[in-house]
Every structure is written in structure tokens, then in C-alpha cells.
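Now for the letters of each chain:
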Amino acid sequence: MADAAVKTAPADASEAELTDGFHLIIDALKLNGLNTIYGVPGIPITDFGRMAQAEGIRVISFRHEQNAGYAASIAGFLTKKPGVCLTVSAPGFLNGLTALAHATTNCFPMILISGSSEREIVDLQQGDYEEMDQLAIAKPLCKAAFRVLHAADIGIGLARAIRAAVSGRPGGVYLDLPAKLFGQVMDAEKGEKSLVKVIDAAPAQIPAPDSIKRALDVLKGAKKPLIILGKGAAYAQADDAIRSLVEKSGIPFLPMSMGKGLLPDTHPLCAGAARSTVLKDSDVVMLIGARLNWLLSHGKGKAWGEAPKKFVQIDIEPKEMDSNVEIVAPVVGDIGSCVSALLAGMGGWATPPADWIKTVTSKRDENVAKMAPRLMNNNSPMDYHGALGVLRTIVKERPDAILVNEGANTLDLARGIIDMYQPRKRIDVGTWGIMGIGMGYSIAAAIETGKPVLAIEGDSAFGFSGMEVETICRYKLPVCIVIFNNDGIYRGTDVNKVSSDPAPTVFVKGSRYDKMMEAFGGVGVNATSPDELRRAVNEAMDSGKPTLINAVLDPAAGSESGRIGNLNPQSALKKKA
Ligand code: ADP
Ligand code: TZD
Ligand code: MG
């Protein structure tokens, strides 16, 4: 086992100064500005974590690797630097792997670093402690996977991992560090020289001029144009250019969930509340950092209406073009460069026909007005609208807070109801619609941005990462968790008619999640009305104290699968059973 660090001081003057794997990894991370590690300690990385902390790296120690991995993935999204997750071998690695796959799927840069067992024993399958061929298992789930066997290769190994994670389409990278590597000794001066400071890790990718011209020509011919802003646009941090493009073009924009806030949802051109209308009726759609995947009904079918559509797509990944439908004007490059080139090429621009803008804005205003009274109800137990009306106002008053959101109804309704005002302030279940990101995202958001965090969680969603409330209390993070407690998944009303077991979708009735927070010294509140909820959240946001509010919701308020019930297969034979 490799836990003893080799002293860097020479034993006597004649001996050259030495370094080892532990120090080289730490120095390589620091050299590249990777100053935070999210992980769980254990063999063979326990001492590594201690030493990294002693050397000034922020080491955030979690209760489960999956949550540490989600934290690293969203740190990557928020900062454009790869988030680092550190785990032990086999089971710890596997726990982190879900998050690595998630990062890859969502195009977030992340590096999963796992300690591993002795190669000689693993390869002969002789049964080492936590034996597993981790590199082989990681490969299909990430953008790239590397193993470093020699201390002298640590610099290059990390440089490759960083480049792979952030260049082109960002994604997850696995870095395998066998136990023996940590204790390997080498000459300190040679070691230092072997480290690589990655220069221009994500180089600008300038679009071809004729692709810009083609896109502008298509946009100019549009009568009912639409811009869709995805989380790639948020990631790109080209906020000013994107805003200018929308405003100069006068084209209505539809933000995807994590693209919300790039321009405020209250912006005159925001078509968020007229989503079905703009998808159906638009004639030219420009996608900026958004894929035509299931979240956009693959660019075809009922949601997109009968009218023929032309798609313009800006993406860094050339293979994304034509993935679901024909893209008449593909623009391949990084969003900052592409949007700037479009702006530069616009010249004397005629804004879209006024009747299109009027159609969009009147539909939007109608939908907003329809919703308004429901958001003001003070029902107890609460329904989603009453509770979300309160939180909507709080986010409006505190636009720099980060909103974390997961659940089914809790997700879909919060996304629609809560307006966002600043870029990268809404982080959620992402491309997979995954449950379990809540506490990992909250922790990383607080650590990386220093801003207060408001996590709006379904009671089921929260359960996937709930133990990390201890981590939140331990690091004293300004996180306020609101649990929409409706006693279950979608609803709390299902009944099993054949035995005394509860139905598969329901939880213990009247659970008090707030007491979990109190167990670790945080603030717990049970809120039974919108008024109580408002008071508790404001208090938490003002104090910055770790807080969990158990918001008691009507168990009958939700619907099956939230807004995506259509994807849920149902047995045609159900009635017979
Ligand atoms: P959403 O879920 O919000 O619709 P997606 O995750 O489907 O967004 O799409 C994000 C897209 O953004 C991906 O296709 C990815 O390749 C692209 N992307 C990410 N970063 C950049 C960038 N800097 N420049 C251009 N495209 C990017
Ligand atoms: N497991 C994982 C990792 N991701 C998932 N998306 C699911 C299971 C399935 N699932 C959903 O898609 S939403 C959801 C589950 C279990 C929970 C919904 O219940 P909730 O929210 O309490 O979080 P509401 O407000 O009751 O709908
Ligand atoms: Mg629920």
C-alpha cells in the first residue's frame, strides 16, 4: 500500500532532492488551476486527499461518490474548467461512474480520478483488494480514458485529461491512478520539469465564413423565426454576444431549461411561456447549443406542427448536425466565435414581421395571465402553484441565487413558473432527466460561485442524495433546501389493493425531512402554507445557514410523470387485471 509520502528534503547533501507521485499529482492539478476536489477518501487515496488539502487544494469530502461526481460535473458546467472527482477503486469508482457518464451525456467537462489496484494482480484476476479493470469499464462511458503508470508521466496524463474534457464538445474523462503510482519516487527537479501547464485548453473554433453567410441568408428569408438557447449556450459564457444577437435580430427566443436566464425570462422577446406556439408556427429555427433530442421532440412530429421548418444549428460538434432532421445551415464552431461572426455579418438587418412578434407576445401574455391567480393561492396543505408562486417571487428578489431543481412535477412546474434573470443560475436534471443531482449540485454551486443556493426538490428526488445534508452542514454552506413533500413519486395517493405492502410510488406519510437537517446542526422548518414557506426561505437566504424546509404538499396535487407522462408505457390490458 502506498500511504507513506516520501519526504522532499534530501537525506543528506549529496543526495538529489526527491519527489513522488502524491506531490506530482497535486502540483500538476495546481499548475492547471484545478483547485477543488470532490470525493470520498479511502484506499489508496486517503493520504492523497490529506496532502492535497495541506497543499492548499480545497478537498470537499462527500458521503457517496455519486454525489461528489455530480458536484464535479456541475462545477465543470459553471466554470468551464473540468470538475475533479476523486474516488477509491472498484466500488468507489463505480459509484462515481454514473456521474461521469452523466457529464459526458450533458457535455460538461469533468475528470474522474480513481485509485486502482495492482495492475499485475488485476490483469491476472488474482483477487486484489477492490480489484477491477476500471479503465476498460470507464471507456464506453466517457470521452477519453487514460492510465498513468509512471510518476514521470503524471504531467502528461493530467494534461491529456484536461484537454480531452474541455476541448471540442466537453465531456467526462477518466484518469486511472494505480496505488503504486502514488509512492513512486523520482528526482524532484526532473519531476517538476515533467509537469505540463495546458495552454489554451479549449481553443476557439472559428466557423467557416460561408457557413455564417448561409445561416444569415436562411434567417433573412424567415417570416417566423425562432432562436432556441440550450445549455451549451449557457456553458459557452458568451452572454453579451448572445444577448446582442437576440436583440439586434429581434427574433423571439426560447430557452431550454438550463439556458434560462441567458436573457431574462421577462425579456420582451422571451417566448418561454408561448413554447407550443413557437415550436408549431415558426418557419426558421436557429439552435444555439441545444440538441434536437427528446427534449425538443427530435425536431419533428406533433409538437412541431405541419408547417415546413428550416433549421440553422450552431454547435461545436460537427456530428451533431442532421442527427434528427436535416440542418439547412450548419454552423460548426464555438458559440462565442459563431455568434460574433453572425453579428458581424448582419449589416442592415430587418427585424422579423411585426405580426409574428405580436402572435408570440400575445400568446405569452395570455398564458402568463392565466397562471397568475393560481400562483397567489394560500392553500394549506399547499399545491404546487401556491408553493411555487412564493419561490418565484423570492428568486425575482434574489436573482443571483443559484436554483437547483429536481423531481417530476416539482421539476416541470418549477421550470415553467420560476423566471430566471441571470445566466447559469438554473441547474437541474439535464439531458437524462436524472434524479440524484440535488445535493451534489447544491454543494458545488455554493463552493464554485460563493452565491446562495436554493434547491427545490421533490421528496423522491431528494432521497437520492439526501445524506449529503451532513456535508452541507459540515462545510457550513449557504444552501436552502425546499422539499416538496407530497408523500411520494408523482403523488402520495397510490394504494396497493392486494397486500399490506405500500404501493411502489408512496413513502411514509407525513415524513419530517426537516428533522434530518437538525440532526447535523442545520436549521429545519416544517412549512404548511405558502406564507410559512416564504418566511422560512427568506430567513434561510438572509442568514446563509444550511436550512431544510419540509414543504407539506397535498399528496393528490401531482400528476403521473409530471409533464412527460406520454413517455410512460401503460399496459393496454390494465383494465382486465
Ligand atoms: P439542452 O439540453 O439545453 O437543449 P444540449 O445538452 O442538448 O442542450 O445541447 C448542448 C449542445 O451544446 C451540445 O450539442 C454541445 O456540443 C454544444 N456545446 C457545448 N459547448 C459548446 C460551445 N462552447 N460551443 C458550441 N457548442 C457547444
Ligand atoms: N431514477 C433515476 C436515477 N432517475 C429517474 N428519473 C428516475 C429514477 C425515475 N423518476 C423520475 O423520472 S421522477 C422521479 C423518479 C423516481 C421522482 C418523482 O417524485 P418526486 O417529485 O417526489 O421527486 P413529484 O413532485 O412528486 O412529482
Ligand atoms: Mg413527490
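Everything below is about the structure printed above this text.
So, how was this worked out
Residues numbered from 1 in each chain as written. Chains lettered and ligands numbered in written order. Predicted model: local features only at pLDDT ≥ 70, side-chain atom pairs only at ≥ 80, totals over all residues. Heavy atoms only, no water. Helix = DSSP H or I, 4+ residues; strand = E, 2+ residues; numbered from the N terminus. Rg over C-alpha atoms; globule rule 2.2 N^0.38 Å. Buried < 20%, exposed > 50% of the residue type's maximum accessible area, 1.4 Å probe, protein only. Areas by Shrake-Rupley, 256 points an atom, 1.4 Å probe, with all protein chains shown as cover. Lys, Arg positive; Asp, Glu negative; His and termini not counted. Charge placed at Lys NZ, Arg CZ, Asp CG, Glu CD. Near = heavy atom within 4 Å. Polar contact = N/O pair within 3.5 Å; in protein donor to acceptor, adjacent residues only side chain to side chain. Nonpolar A, V, L, I, M, F, W, Y, C, P; charged D, E, K, R; others polar. Donors = N, O, S within 2.8 Å, 3.2 Å for Na, K, Ca; no water. Pairing = 2+ DSSP bridges. Axes fitted to C-alpha atoms, helices over the stretch in contact; angles between N-to-C directions. Parallel < 35°, antiparallel > 145°, perpendicular 65-115°, else oblique. Contact = heavy atoms within 4.5 Å.

K.L.:
Please clarify how the overall build of the protein should be interpreted in this entry.
P.N.:
Along the protein, the regular secondary structure elements total 22 helices and 19 strands. Against the compact-globule benchmark of 25 Å for 577 residues, the protein has a radius of gyration of 25 Å, which places it among compact chains. For the protein, the C-alpha atoms occupy an extent of roughly 85 × 65 × 55 Å along the three principal directions. Taking all 577 residues of the protein together, the buried fraction comes to 56%. Of the roughly 23,900 Å² that the protein leaves accessible, carbon and sulfur atoms contribute 55%. Of the side-chain charges in the protein, 62 are positive and 63 negative, and the distance between the mean point of each set is 8 Å.

K.L.:
Just to check I follow, could you spell out the site of ligand 2 for this structure?
P.N.:
In the neighbourhood of ligand 2, 17 residues make up the surrounding shell, with Tyr 384, Asn 409, Thr 410, Gly 433 and Asp 459 lying closest. At 3.2 Å, a backbone N or O of Met 435 approaches a nitrogen atom of ligand 2. In the model, an oxygen atom of ligand 2 is placed 2.6 Å from a nitrogen or oxygen of the Asp 459 side chain. In isolation ligand 2 has 590 Å² of accessible area, and contact with the protein removes 77% of it. The set of elements that each furnish at least two residues to the shell around ligand 2 consists of α17 (409–417) and α19 (459–463). Broken down by class, the residue content of the shell around ligand 2 amounts to 8 nonpolar, 8 polar and 1 charged.

K.L.:
Got a minute to help me understand the coordination of the magnesium ion (ligand 3) in this structure?
P.N.:
Reference values for coordination geometry: four tetrahedral donors around a metal ideally subtend 109.5 degrees, six octahedral donors ideally subtend 90 or 180 degrees. Binding of the magnesium ion (ligand 3) to the protein goes through Asp 459 (OD), Asn 486 (OD1) and Gly 488 (O), at separations of 2.0 to 2.1 Å. In primary sequence terms, the donor set of the magnesium ion (ligand 3) follows D-x26-N-x1-G. The exposure class of Asn 486 is buried, given its relative accessible area of 2%.

K.L.:
How should the site of ligand 1 be read in this particular structure?
P.N.:
Every one of the 20 residues lining ligand 1 counts as a neighbour, but Arg 169, Lys 231, Arg 291, Asp 315 and Ile 335 are closest to it. Lys 231 is positioned such that a nitrogen or oxygen atom in its backbone is 2.7 Å from an oxygen atom of ligand 1. At a separation of 2.5 Å, an oxygen atom of ligand 1 approaches a polar side-chain atom of Asp 315. Calculation on ligand 1 without its partners gives an accessible area of 580 Å², and the protein chains cover 97% of this total. In terms of residue count, the dominant contributor to the shell around ligand 1 is helix α11 (residues 231–235) (3 residues).

K.L.:
I would appreciate a short explanation of the sheet that holds strand β18 (residues 523–527) in the present structure.
P.N.:
Strands pair in a sheet through their backbones, by hydrogen bonds, and they do so in one of two ways: parallel or antiparallel. Strand order in the open sheet formed by 6 strands is β15-β14-β16-β17-β19-β18, with parallel pairing between adjacent strands. Single-partner strands in this sheet number two, and they are β15 (426–428) and β18. Geometrically, the sheet is characterised by an average inter-axis angle of 15° between neighbouring strands, direction not taken into account. One ladder, built from 5 bridges, connects strand β14 (residues 402–406) with strand β16 (residues 453–458); its direction is parallel. Note on β16: the bridge partner recorded for Val 404 is Ala 455.

K.L.:
Just to check I follow, could you spell out the packing of helix α15 (residues 354–375) against helix α16 (residues 384–397) for this structure?
P.N.:
Each pair of packed helices can be described by the angle between their axes along with the distance between the axes. Running from amino to carboxyl end, α15 crosses α16 at an angle of 100°, the nearest separation of the two axes being 8 Å. With respect to α16, the axis of α15 lies roughly perpendicular. Contacts between α15 and α16 involve Met 371, Arg 374 and Leu 375 from the first element and His 385, Gly 386, Gly 389 and Arg 392 from the second. Here the contact of α15 with α16 is built from residues that sort into 2 nonpolar, 3 polar and 2 charged.

K.L.:
Mind showing me how you'd approach helix α1 (residues 21–31) here?
P.N.:
Each α-helix winds once per 3.6 residues, and so residues spaced three or four apart point in a common direction. Judged by how many residues are buried, α1 sits mostly within the fold: 8 of 11 residues are covered. One or two residues past the end of α1 sits Gly 33, with phi positive at roughly 70°.

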